[in-house]
Amino acid sequence: MGVGTSVKRLDAIQKVTGSAKYVEDLIPLDALHMKVVHSTIANGLVTAIDTTEAERMPGVELIITCFDVPDVEFVTAGHPLSLDPAHADTRDKLILAKRVLYYGDDVAAVIADTPLNAQLAAEKVKVSYETYAPMLTPEASVGADNVMHAFRPTNELARTDFSISPEGDVSWYTGTFSTDEKIAGREDLCGEHYAVPAVHACHLENNTCFAYMDGRRMVVYSCNQVPHTLRRNIAEAIGMPLGDVRVVKPFLGGGFGNKQDTMYEPLVALASQRLGGRCVAITLSREETFVNTRTRHGFDMTIAAAADEAGDLTHRGIRINSNGGSYAAHTHAVAAYAVTSNFQTYKASAVQIGESSTVYTNLPSAAAMRGYGIPQLNFAMESQMEDIARRNGWDPIDFRLQNINEAGFVDPFDKFTVRTCGLRECVEQGRRLCDWDRKRKEYDAFNKTSPNLKKGLGMALFSYKIAQKKPLRIVTLTRRDLEALLCAAAGRLAQVRTDIFHLCGVLSHGLLGGFQHIVAVIRHGLADGAGLGLGSGDDLGR
């Protein structure tokens with residue numbers, strides 16, 4: 001087995017035949033069922049909750065309100081734990097919310113013997129609010145009187161601002177929130193505006209989880225993509241030792257990044273605790289999955305670029321204002337990744353400027369989704385490159401190829417050197433395969449004589465930065481060596497990051513033979529004191 005060899009997926013037969021079991025398939029028959037009471041305002045404060053009528057409904061076992069949960073804010077992002085406080089994820093989420101931050105926020109939960117009884121009882125819960133004006137855009141939220149999270153009094157979560165010298169040196173600074181067309185106030189960086197709205201991943205499987213006590217241990221089944229970090233977040237939220245929480249990730253019905261975040265797992269675990277360890281399950285409706293999980297960030301982008309008469313780019317700049325929604329989730333990481341990536345595909349001879357902001361608003365929270373900010377950025381960057389080419393009468397392919405970074409480019413942020421780059425060859429091959437030159441001439445002639453029907457031919461480039469700064473050393477391991485390594489790593493789950501991720505990546509691509517069954521165990525995500533559940537930011541579980 002190796003690169004270039006066809007390998008049968010370990011889960012292929014189960015998924016094709018329909019025998020694969022997803023979380024909802026595994027809910028025990030005697031499980032209790034939870035329905036969440038969602039807020040009917042977008043911004044405000046819960047002042048009172050009346051559960052009297054709901055408690056009298058058939059089958060109700062427990063009602064938990066926002067006044068009954070631990071006053072412990074926890075992280076929801078699916079990132080490995082950072083030991084550097086400057087790069088730690090944001091703790092801003094309670095299990096249930098007294099301070100309502102979006103329409104549909106979680107304010108109470110009803111647990112009953114059937115999903116229907118839980119739903120009917122949830123409809124009887126009466127919630128009173130103090131209502132504030134909703135803030136739906138970054139510009140409406142920054143500096144508003146209604147502060148969403150006390151530790152961010154301006155509602156701006158974080159910023160990343162920098163300039164890049166012609167020599168490739170980065171200078172960091174702290175800018176101010178702006179929607180002005182002039183990036184960093186510079187006359188030579190007067191940009192064009194592009195906007196990309198929030199979208200949802202629309203994975204086939206609605207978010208589902210259930211929890212029960214097994215002795216002193218809390219066992220949680222979840223469709224989360226990263227059970228390792230989910231385990232840590234649950235333990236923190238409900239106040240249990242990490243070693244007493246076990247997370248099991250069965251087959252995943254699509255994730256696309258949306259399921260990296262901790263969602264309702266702490267809530268079902270808390271309910272199980274209070275019900276003596278009984279199993280409590282929640283399966284979101286499609287509407288709840290849209291509203292109460294995670295979206296892709298909406299970006300408002302101002303992007304500028306200038307080229308000289310020869311077609312060489314000189315100045316380049318971008319400002320990204322990212323709509324983070326109600327909770328930090330993946331914090332500012334998505335916008336920061338996008339703003340830095342703007343300067344990796346194309347070069348420029350003069351100073352380049354990047355500014356970005358992520359802002360809390362009264363919308364559902366945004367987090368990871370397929371490309372981590374790059375699809376939004378790429379739409380603006382490539383649209384602008386196309387516009388520059390058209391305005392100057394340049395062939396769009398020739399203009400791009402004249403300005404791409406190639407082998408030898410040093411990333412200004414991470415300082416890795418691009419050793420090989422096939423971008424030019426890829427574009428030129430595409431040019432030949434689509435017969436670009438002939439069709440461009442043919443379509444241009446056709447469009448001049450056709451008033452209504454038009455023909456077009458387009459192209460765009462896409463880049464996504466992934467790199468191993470240090471050379472990856474391939475070592476020969478016996479099965480016993482690998483099992484010892486994984487068991488050792490499991491004892492310090494919070495610190496396991498690069499080494500194990502890279503090792504599993506090598507193994508799963510077949511560079512080291514004979515360990516498929518171990519990789520399968522990891523992929524199925526058993527995260528407890530006896531196993532290692534790394535999870536994934538990709539979509540291999542779909």
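As shown above, the structure is provided for reference.
Definitions and limits used
Residues numbered from 1 in each chain as written. Predicted model: local features only at pLDDT ≥ 70, side-chain atom pairs only at ≥ 80, totals over all residues. Heavy atoms only, no water. Axes fitted to C-alpha atoms, helices over the stretch in contact; angles between N-to-C directions. Helix = DSSP H or I, 4+ residues; strand = E, 2+ residues; numbered from the N terminus. Parallel < 35°, antiparallel > 145°, perpendicular 65-115°, else oblique. Left-handed = near helix turned anticlockwise from the far one by under 90°. Contact = heavy atoms within 4.5 Å. Nonpolar A, V, L, I, M, F, W, Y, C, P; charged D, E, K, R; others polar. Buried < 20%, exposed > 50% of the residue type's maximum accessible area, 1.4 Å probe, protein only. Lys, Arg positive; Asp, Glu negative; His and termini not counted. Salt bridge = Lys/Arg side-chain N within 4 Å of Asp/Glu carboxyl O. Core = buried A, V, L, I, M, F, W, Y, C linked by side-chain atoms within 4.5 Å. Patch = residues over 30% accessible without salt bridge, like charges linked within 9 Å, V, L, I, M, F, W, Y side chains within 5 Å. Areas by Shrake-Rupley, 256 points an atom, 1.4 Å probe, with all protein chains shown as cover. Disulfide = S-S within 2.5 Å. Polar contact = N/O pair within 3.5 Å; in protein donor to acceptor, adjacent residues only side chain to side chain. 1 Å grid on protein atoms, 1.4 Å probe; cavity = no way out; pocket = protein on both sides within 12 Å on 5 of 7 lines; lining within 4 Å. Points joined across faces, edges and corners; volume = space filled by probe spheres on them. Phe/Tyr/Trp six-rings, centres within 6.5 Å; stacked < 30°, edge-to-face > 60°. Lys NZ or Arg CZ within 6 Å of the ring centre and 35° of its normal.

A. Structural detail: the packing of helix H5 (residues 227-238) against helix H6 (residues 265-274). For the pair H5 and H6, interaxial distance at closest approach is 9 Å and the crossing angle is 50°. Looking at the two axes, H5 sits oblique to H6. Read as a crossing pair, H5 and H6 show a hand that is right-handed. Here Leu 230, Ile 234, Ala 237 and Ile 238 of H5 lie close against H6, whose contacting residues are Glu 265, Pro 266, Ala 269, Leu 270 and Gln 273. In terms of residue class, the contact of H5 with H6 is made up of seven nonpolar, one polar and one charged.

B. Quick peek at the side chain of Glu 265. Mapping Glu 265 onto the fold places it in helix H6. One buried charge, Glu 265, has no salt-bridge partner; the nearest side chain with opposite charge is Arg 294, at 8.8 Å. The residues contacting Glu 265, other than those within four sequence positions of it, are Cys 209, Val 220, Ser 222, Asn 224, Leu 230 and Ile 234.

C. Molecular detail of the packing of helix H10 (residues 396-403) against helix H11 (residues 423-433). Running from N to C, H10 and H11 cross one another at 170°; their axes reach a closest spacing of 11 Å. On the basis of the axis angle, H10 is roughly antiparallel to H11. On the side of H10, the interface is formed by Ile 397, Asp 398 and Leu 401, while H11 contributes Arg 424, Val 427, Glu 428 and Arg 431. Among the residues forming the contact of H10 with H11, the class breakdown is three nonpolar, no polar and four charged.

D. Examining H6 more closely. For H6, the tally of buried residues reaches eight of ten residues, placing the bulk of the element in the interior. Where H6 is concerned, the buried positions are Glu 265, Pro 266, Leu 267, Val 268, Ala 269, Leu 270, Ala 271 and Ser 272. Directly beyond the C-terminal end of H6, a positive phi value near 70° is found at Gly 276.

E. Representation of the nonpolar core in the model. Residues Met 34, Ile 95, Ile 111, Ile 234, Tyr 264, Leu 267 and Ile 282 are the most contacted members of the largest nonpolar core, which totals 49 residues. Within the second largest apolar cluster, 36 residues are counted, among which are Tyr 194, Ile 318, Phe 399 and Phe 413.

F. Looking closely at a nonpolar patch on the surface. A contiguous nonpolar patch, built from Phe 462, Tyr 464 and Ile 466 and spanning about 360 Å² of accessible area, is present on the exposed surface. Mapped onto the elements, Tyr 464 comes out in the loop between helix H12 (436-449) and helix H13 (479-490). Owing to a relative accessible area of 38%, Tyr 464 belongs among the partly exposed residues under this scheme.

G. Up close: the state of the cysteines. As enumerated under the stated definition, the model contains zero disulfides in all. The structure places no disulfide on Cys 426, whose sulfur is separated from the nearest cysteine sulfur, that of Cys 421, by 9.6 Å.

H. Local environment of the environment of Ser 341. With respect to the helices, strands and loops of the structure, Ser 341 is situated in helix H8 (residues 333-341). A sequence separation of 36 residues divides Ser 341 from Leu 377, and the C-alpha atoms of the two residues are 8.2 Å apart. Not counting residues within four places of it along the chain, the set of residues in contact with Ser 341 comprises Ile 374 and Leu 377. Within the structure, Ser 341 has its side chain in polar contact with the backbone oxygen of Tyr 337 (distance 2.8 Å).

I. Fine view of empty space enclosed by the protein. Taken as a whole and assessed by the stated rule, the structure comprises two cavities of 30 Å³ or more. Within the residue set of the lining of the largest cavity, elements represented by two or more residues are H6 and helix H7 (286-292). Here the lining of the largest cavity is composed, by residue class, of ten nonpolar, five polar and four charged. Space inside the second largest cavity adds up to approximately 50 Å³. Around the second largest cavity, the lining residues are Asn 207, Thr 208, Cys 209, Ser 222, Cys 223, Met 263, Tyr 264, Glu 265 and Leu 284. Per-class residue counts for the lining of the second largest cavity are five nonpolar, three polar and one charged.

J. Main features of the environment of Leu 377. Note that Leu 377 resides in helix H9 (residues 374-392). By relative accessible area, which is 1% here, Leu 377 ends up buried. In this structure the C-alpha to C-alpha distance between Leu 377 and Val 339, which are 38 residues apart in sequence, comes to 7.6 Å. Leaving out residues up to four positions away in the same chain, Leu 377 has contacts with Phe 299, Met 301, Ile 318, Ala 338, Ser 341 and Asn 342.

K. Structural view of the packing of aromatic side chains. Throughout the structure, instances matching the rule amount to eleven aromatic pairs. Between Phe 151 and Tyr 360, the aromatic rings sit 6.4 Å apart at their centres with planes inclined by 90°, giving edge-to-face as the arrangement. Of this pair, Phe 151 sits in the loop between helix H4 (138-141) and strand S7 (156-164) while Tyr 360 is found in strand S16 (residues 352-360), placing the two residues 209 residues apart along the sequence. Aromatic side chains Tyr 337 and Tyr 464 sit 5.3 Å apart centroid to centroid with 50° between the ring planes, which places their arrangement in the tilted category. A residue pair is termed long-range when its members are at least 10 positions apart, and Tyr 337 in helix H8 and Tyr 464 in the loop between H12 and H13 qualify at 127 residues. Under the relative-accessibility criterion, Tyr 337 is labelled buried at 16%. Put simply, the rings of Phe 162, Trp 172, Phe 343 and Phe 413 pair up and form one aromatic cluster. The residue whose ring lies beneath Lys 93 is Tyr 327, and the NZ or CZ to ring-centre distance is 5.1 Å.

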